[in-house]
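# Structural overview
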Amino acid sequence: MTTAPSTTGVDVDALMNEVRARIRQRRESGRFDAGLQAALDRPLPGGAPIFADDLADPLKALPDVLDADQAYDPRSRRRYVGPVITLARRAAIWLLRSWIGDLVDRQDRVNRLLYAAIREQALAPSPLGEARLAAIEETLARRERDENASNLEWRFLVARFSGVEEQIRAQAEPFVALFPRGGRVLDLGSGRGYVLGLMRERGLAAYGVDIDGAAVAESRGNGFEVLEADAEAHLRSLADRSLDGIYSAHVAEHVLLGKLVEILRQARRVLKPGAPLVMATPNAATLTVSSHTFYFDPSHRRPIPPELFQFLLEVEGFTGVEVRSYAPTEPRLDEGVPDGPIRENVRLLNRTLFGDRDYAVVGRAP
Amino acid sequence: MATVHHFHPTLVPADAISNHVVALHELARRDGKDSRVYAIESTRPIDGGVLPYRRLFRSVRPDDTLLLHFSMGNEVFDQLAKLPARKVLVYHNVTPAEFFTGINPHAALHAQLGRKQLGTLAAQMELGVGVSEYNRRELEAAGFTRTAVVPLLIDWTAYDVAPDPAVLAQRASARTKLLFVSRIAPHKRQDDLIRLIAYYRACIDPEAQLVLVGSYRDQPQYHARLRALAQELGVTGAVTFAGSVSLSALVAYYRSATAFVSLSEHEGFGVPLLEAMRFDLPIVAYDAGAVAETLGDAGLRAKTRDLAEIAELVGLVGERADLRASLVAAGRKRVADFSTDRVEQKTRTVLGL
């Protein structure tokens, strides 16, 4: 970047390396942060950017020009005739001043009105644009509603297809045991509060988050600490390394994969080092789940293969990631057949079609 | 006896160009020549007085030398160029018009006219003298067939005046005192200096001070915006706009500074750089125009406008006594190349004074 010839005895390369090292240090220590960088890039306030072509941002440049006062100098400095010309110019200006003054005033008024009109147009939202935007937003909203079949009465769906409290508690039990006693644990997607109840019994300082207002109200009514919020938004609001554990059952298959990745990233941030993350979801490896029962819930997105979910945790830095499946399918093929290839085939068929219906991926924050 | 006539449209005190005009005039007189100074407007008192330019049309004779100092366009030059005499144009550089867009459209227009006029004058001048090689190259590009380089003639003894004690006292406290001397003008980029001092105070020395010496009367808009920038960045107390100062105060500012920093984007010569060397100040300057040429071996030149890097460089210069000593020593050597004697010799040779 710099040069200073050798006669000064200054080693320029070494100097510049030191300069760059110092800047790196400043950035790392946080002294040279985004705020300071913004200060260095701060444009000169109070008008159009300097050295910039007026035409690049005419709306900004106009006020200066409208108010500029450029006096005309009628003097001529030519030899001999200079004073005569000057006098003639001055006389002409004096004679015509009322006419010119009138024209100038009128033009000035037109200019100012135009400027005001253009600015209003530029800053105001256009009605046509607004209508089209509203149409697009409505289409998106309708699409979302239709995908989730939000015209269905949810309590009927839940009544028909949802699991019972004992079953949900029993399935959650081995995972709740992973969390430290007295620890602050979050049930992400706490639903009707069944797992919160289990956690409380196991001595955890648990609280829940759910996006469904009705579920939240019901759980609060049962004395649980529950917040109504979107899972990702809630995690973003938490401080680094503030939770002792996160449990989330049947939430992952309700969000798009990209959002799931964001949730995992936020989870890693807010969990204390070594704290467990448990996320349970329908077992896509069991084909009667991924081709049949998965679709009982219209708001399910797509089945998540256990291998993929494990990968997602590992790639975000979680350690000791394992997949634990549970809830065996009933009925299954009878494995009481002669030993040998037939029994092996029946077992394979059972695993593939009638295997465990759910799995949970378990990992620890780094 | 042939007379030497010197002309510049405006002559004002404490201005590099006016100083040069007066210095050449005094050199001619010392050499026993008949020398006169003309201007359109003058607020500068000189020996023999400044004559109104119209006198030139009467007084110039064919074997006289007419030195036209050119730094801005003016219709008078077209008239003077028609006079029969030995005409020499001394080129101080016209600030390019693009340095006024967004700030002062009036000045931008004049800058454009100035450059155009340089082209038309080329054919009518016997010699084009640039005060730097950078300027001389522009003369060549404009169509001057005979060109030469004669640096500004500076009377270094004038700087032996006692420094203003009030200024010295004021500046005593801070450890880091960065100085830049030049008119407040957009192409001098005092705005980047303000950003630089914000970085410096945030990362290197929270009590560092920046002094900007130079008149702000000609660019009230830019000056106001500089103050607004300093306020936005929270460095109002750290930045001093000294304005136009007496020589004694100028000396005091140089003596109490710890480094001279320039981020100017256009320089035809850069007298303050030499002044800084004269007062043993290490220099860190952005390489633009004639800066590299004037600095020679002295000073650290930055080729990119990375404010953080330049600030850290200034910081290192402040920390390292050995680095500072090298730069100061190189500066002393370099400023000797512009000693009054040397430049007078060159002036006599080239201008035939």
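Data block above holds the structure.
Reference entry: report on the structure contained in this document. (Residues numbered from 1 in each chain as written. Chains lettered and ligands numbered in written order. Predicted model: local features only at pLDDT ≥ 70, side-chain atom pairs only at ≥ 80, totals over all residues. Heavy atoms only, no water.)

Once that is clear, we can look at the overall build of chain A. Regarding its fold elements, chain A presents 14 helices and 8 strands. Expressed as a percentage of its 366 residues, the buried residues of chain A come to 33%. Once local pairs closer than 6 in sequence are excluded, the contacts in chain A between residues at least 24 apart make up 67%. Taken as a whole, chain A presents about 21,900 Å² of accessible surface, with 56% of it coming from carbon and sulfur. (Helix = DSSP H or I, 4+ residues; strand = E, 2+ residues; numbered from the N terminus. Buried < 20%, exposed > 50% of the residue type's maximum accessible area, 1.4 Å probe, protein only. Contact = heavy atoms within 4.5 Å. Areas by Shrake-Rupley, 256 points an atom, 1.4 Å probe, with all protein chains shown as cover.)

Another aspect to go through is the nonpolar core. Core analysis: the largest hydrophobic core is formed by 104 residues, its most contacted members being Leu179, Ile194, Tyr199, Val235, Tyr254 and Phe260 of chain B. In terms of nonpolar packing, the next biggest core, distinct from the first, is built from 31 residues, Phe7, Leu80, Ala107 and Leu118 of chain B among them. (Core = buried A, V, L, I, M, F, W, Y, C linked by side-chain atoms within 4.5 Å.)

Turning to the packing of aromatic side chains, a few remarks are in order. Scanning the model with the defined rule gives 15 aromatic pairs over all chains in all. Considering the side-chain rings of Phe32 of chain A and Tyr199 of chain B, the 5.1 Å spacing of their centres and the 80° angle between planes classify their relative orientation as edge-to-face. With Phe32 of chain A in the loop between helix H1 (12-29) and helix H2 (34-41) and Tyr199 of chain B in helix H7 (residues 190-203), the pair connects residues from two separate chains. For the pair Phe32 of chain A and Tyr199 of chain B, a shared accessibility class is recorded, and that class is buried. Centre to centre, the rings of Tyr53 of chain B and Phe57 of chain B are 6.3 Å apart; their planes meet at 80°, and the pair counts as edge-to-face. Neither Tyr53 of chain B nor Phe57 of chain B differs from the other in exposure class; each is buried. Among the aromatic side chains, those forming a connected cluster through ring pairs are Trp156, Tyr159, Phe180, Tyr254, Phe260 and Phe279 of chain B. The residue whose ring lies beneath Arg278 of chain B is Phe279 of chain B, and the NZ or CZ to ring-centre distance is 4.8 Å. (Phe/Tyr/Trp six-rings, centres within 6.5 Å; stacked < 30°, edge-to-face > 60°. Lys NZ or Arg CZ within 6 Å of the ring centre and 35° of its normal.)

Let's shift gears to the sheet that holds strand S8 (residues 356-364) of chain A. In any sheet, the strands associate via hydrogen bonds between backbone groups, in a parallel or an antiparallel arrangement. Residues and elements named next belong to chain A. Strand order in the open sheet made by the 7 strands is S4-S3-S2-S5-S6-S8-S7, with mixed pairing throughout. Looking at the sheet topology across the chains shown, the edges are occupied by strand S4 (226-228) and strand S7 (319-328). Across the sheet, the axes of successive neighbouring strands diverge by a mean angle of 15°, strand direction being ignored. With respect to the sheet, helix H9 (residues 213-221) is in contact with strand S3 (205-210) and S4, its orientation differing from that of S4 by roughly 160°. (Pairing = 2+ DSSP bridges. Axes fitted to C-alpha atoms, helices over the stretch in contact; angles between N-to-C directions.)

Quick look at H9 of chain A now. All names here are of chain A. Those residues of H9 lying buried are Ala215, Val216 and Ser219. With its buried residues spanning 100° around the axis, H9 presents them on a single face. Residues of H9 that are exposed and point over 90 degrees away from its buried face: Ala214 and Gly221. Buried-residue contacts for H9 involve S3 and S4. (Arc of directions from axis to C-beta.)

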